[in-house]
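Listed here are the chains, written in short residue letters.
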Amino acid sequence: MSRYLDMVDGPQRVKEFTLNQLQDLAAEIRTELIEGLSKGGGHLGPNLGVVELTIALHRVFETPTDKFVWDVSHQVYVHKLLTGRRDRFRTIRQTGGLNGFALRTESEHDSFGAGHAGTALSAALGMAAARDRRGSKENVVCIFGDAALTNGISFEALNNLKPTTKKFIGILNDNEWSIAKNVGAVSEYLNKLITNPSYNKLARDFENFVRRFPKGDIALKLAHKAEEGVKSAITGVTLRQTGSLVEADGRGGQGSPVLFEEMGLRYLGPIDGHNLPLLISTLEFAKQCDHPIVIHVLTQKGKGFDAALKHPEKFHGLGPYNAQTGETLPAKPGSPPQYQDVMGQTAVRLCQQYPAMVGLTAAMPSGTGMKHLEKAMPDRYIDVGIAEEHAVIFAAGMATMGYRPIVAIYSSFLQRAYDCIHHDVCLQDLPVIFCMDRAGLSANDGPTHHGIFDIAYLRCLPNVIAMAPADEDELADMMFTAAQAPHPTFIRYPRGAAEGVPVKAIPQILEIGVAHVTRKFAQNGKRKVALFGLGPMHAIAIKAADRLEAKGFDVAVINPRFTKPIDAKTHAEYARGAELVVTLEDHVLMGGYGSAVLESLGEQRITTPVVRIGWPDQFVEHATTQDELRAKYGLSVDNTVAQVKAHFGVV
Ligand SMILES: Cc1ncc(C[n+]2csc(CCOP(=O)(O)OP(=O)(O)O)c2C)c(N)n1
């Protein structure tokens, strides 16, 4: 049987279907999400939660003229399906396929790109300001999750809303989850709005408005129907209170919408985010409002797929799974651990050893591995929400009181806290330990998540000690080394599986700024090449060395360990002894480790030629695997061997 979904070549179609057909479309989209993502993985749970909301948005608004701005934008899969990208949907997050986030270059319906949280309200407000200035009439609709409200930027935008525009539609997509359970006072406040909704006078305006529609009564009846479980019951409560008006009293605390109202947004909700007619009517209402409005929509992460409903955190984003059962393949016995788990387990060991040690995460307990500390020593674990800037300054504050915080944040998300690293940590030389996960590529996420700039952005700051382990054992050594260093320390390590070497029971404290020589020159009279392989590129350097030795070269391999302070002595010694130096790094060449080597050799008047291998000066696209991108951009054994052979004119 043909699907309604197959008839949707663009959002116009969504406007032509009947309500019943739209309900069928919603079911088809859920099946497409569950089946379509099962091979390659993706953000299944969040997208299952916004099926009706996205259909309603496209029913009521006209993209690309109207603008949808999605926070993080990991929940745009349904939007992609409805905006002419259905045929390519099953390529999502794969090489040459659709990106997993909103991307301006991918579609005119993607008005703003994202991948990092907390940007949507600011971007949408900027668009609204531009619209007002140029005098055009398009609607700007900002869809942000409850966890976006743990982020400071969101509040900066809300603070600026009232003086900026009179026309703005915010949709608060509240499912009570960030990736893990949402945290903090705002999340408690939203919970109060849900469990104890006080009537606000907008509900009456809204009900009057909806009655004027041909389908209005049906929408209201559905909204009032309490049998469908808690969420529609809540909606029913909100709307049924129209007879006995209780205005928001301004005191808050009882589920009063006053927070939003004070920010200049009229609050409407909470409404059931899976009730399509109600969503459509509410959005129609919002469209004609002559004041900024926020609609509080309640959705269920994973709606329509049992496994995802049961395990919202796992199904936020995952790899391949069984489309019937939701089962994922267990790791093969004997396969190396994930770097993030080694970090988390080492954080536990450190906290056991040092009473002043605590672990911090910015809403990423699983992704960073801090969940190990949460489980083992909950009183030493802190989740501050999606608030990287706050996390860093908070850690600085703790450090002034004698604590040693381990701040685990992905390399790319830490970019947001750069000023805090500079102004609050480094300038005051505070001993905060930064564990930068996903340093290198996050291949299927793409450029928003590639963490390939941190060496450059840290190398220029005084007091920094920056390290990159070649394997998981060295990661543990570096964390213990950092625990004893009286300065800010930064450890960068990649996403995914480590090298599979055992982690010593007793860690080794490393000498700051000293590299490790893995393989010395054989001094066999052959042409000498020194390979300096940083972090995960050390393993590639070793493989390249084996191949080059077989081709008649004498090859030394150095594991630099530190990008700051760089080991000038060892680099100089091996550069002086070699006819060619090759630096390898999982980082952009511009300002990275290879640049540091060039500077150091230059200062020492060493003129040995240097070939640098790393990421180019461009934003690297997404792909199915990191190996594909490494091969394409030359961060590979093959290219290392080829570069050396080319330098010496060897075929
Ligand atoms: C700056 C930043 N920090 C952390 C993340 C990781 N992250 C991606 S989605 C997400 C949770 C989003 O929750 P919410 O906005 O409520 O949307 P939901 O997935 O629940 O629909 C987090 C923490 C990020 N993308 N950007």
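Everything below is about the structure shown above.
Since we're looking at a predicted model, the values are computed, not measured.

Caption draft 1: Inspection of the side chain of Asp567 at higher detail. Along the chain, the position of Asp567 falls in the loop between strand E15 (562–564) and helix H25 (568–577). Although Asp567 is buried, it makes no salt bridge; Lys569 carries the closest opposite charge, 6.4 Å away. Reaching out from Asp567, the side chain makes a polar contact with the backbone nitrogen of Ala515 at a distance of 2.7 Å. Not counting the four nearest positions on each side in its chain, Asp567 is found in contact with Gly513, Val514 and Ala515.

Caption draft 2: Local environment of the site of the ligand. Neighbouring residues of the ligand: 23 residues in total, closest His74, Ala117, Trp177, Lys301 and Glu388. Here Ala117 contributes a backbone N or O atom positioned 2.8 Å from a nitrogen atom of the ligand. Between the ligand and Glu388 there is a distance of 2.6 Å, counted from a nitrogen atom to a side-chain nitrogen or oxygen. A total of 590 Å² of accessible area belongs to the ligand in isolation, and the protein chains cover 98% of it. Broken down by class, the residue content of the shell around the ligand amounts to 11 nonpolar, 8 polar and 4 charged.

Caption draft 3: Seen up close, the sheet that holds strand E8 (residues 404–410). Read from one edge to the other, the open sheet built from 7 strands follows the order E7-E6-E8-E9-E11-E10-E15, with strand pairing classed as mixed. At either margin of the open sheet sits one strand with a lone partner, and together these are strand E7 (381–383) and E15. Geometrically, the sheet is characterised by an average inter-axis angle of 20° between neighbouring strands, direction not taken into account. Both E8 and strand E9 (residues 433–437) contribute to a ladder of 5 bridges, which runs parallel. By the bridge assignment for E9, Ala408 is matched with Cys435. Across the sheet, helix H19 (residues 388–400) is in contact with strand E6 (357–361), E7, E8 and E9; its angle to E8 comes to roughly 165°.

Caption draft 4: Region of the structure containing the sheet that holds strand E16 (residues 580–588). Pairing within the open sheet is mixed, and its 5 strands lie in the order E12-E14-E13-E16-E17. Single-partner strands in this sheet number two, and they are strand E12 (516–519) and strand E17 (610–615). In this sheet, adjacent strand axes meet at a mean angle of 20° when their direction is disregarded. As paired strands, E12 and strand E14 (residues 553–559) are joined by 3 bridges and run antiparallel to one another. Among the inter-strand pairings, Arg519 is bridged to a residue of E14, identified as Val557. In the packing of helix H28 (residues 637–648) onto the sheet, contacts are made with strand E13 (527–533), E14, E16 and E17, and the angle to E16 comes to roughly 145°.

Cut-offs used in this document
- Residues numbered from 1 in each chain as written.
- Predicted model: local features only at pLDDT ≥ 70, side-chain atom pairs only at ≥ 80, totals over all residues.
- Heavy atoms only, no water.
- Helix = DSSP H or I, 4+ residues; strand = E, 2+ residues; numbered from the N terminus.
- Buried < 20%, exposed > 50% of the residue type's maximum accessible area, 1.4 Å probe, protein only.
- Lys, Arg positive; Asp, Glu negative; His and termini not counted.
- Salt bridge = Lys/Arg side-chain N within 4 Å of Asp/Glu carboxyl O.
- Polar contact = N/O pair within 3.5 Å; in protein donor to acceptor, adjacent residues only side chain to side chain.
- Contact = heavy atoms within 4.5 Å.
- Near = heavy atom within 4 Å.
- Areas by Shrake-Rupley, 256 points an atom, 1.4 Å probe, with all protein chains shown as cover.
- Nonpolar A, V, L, I, M, F, W, Y, C, P; charged D, E, K, R; others polar.
- Pairing = 2+ DSSP bridges.
- Axes fitted to C-alpha atoms, helices over the stretch in contact; angles between N-to-C directions.

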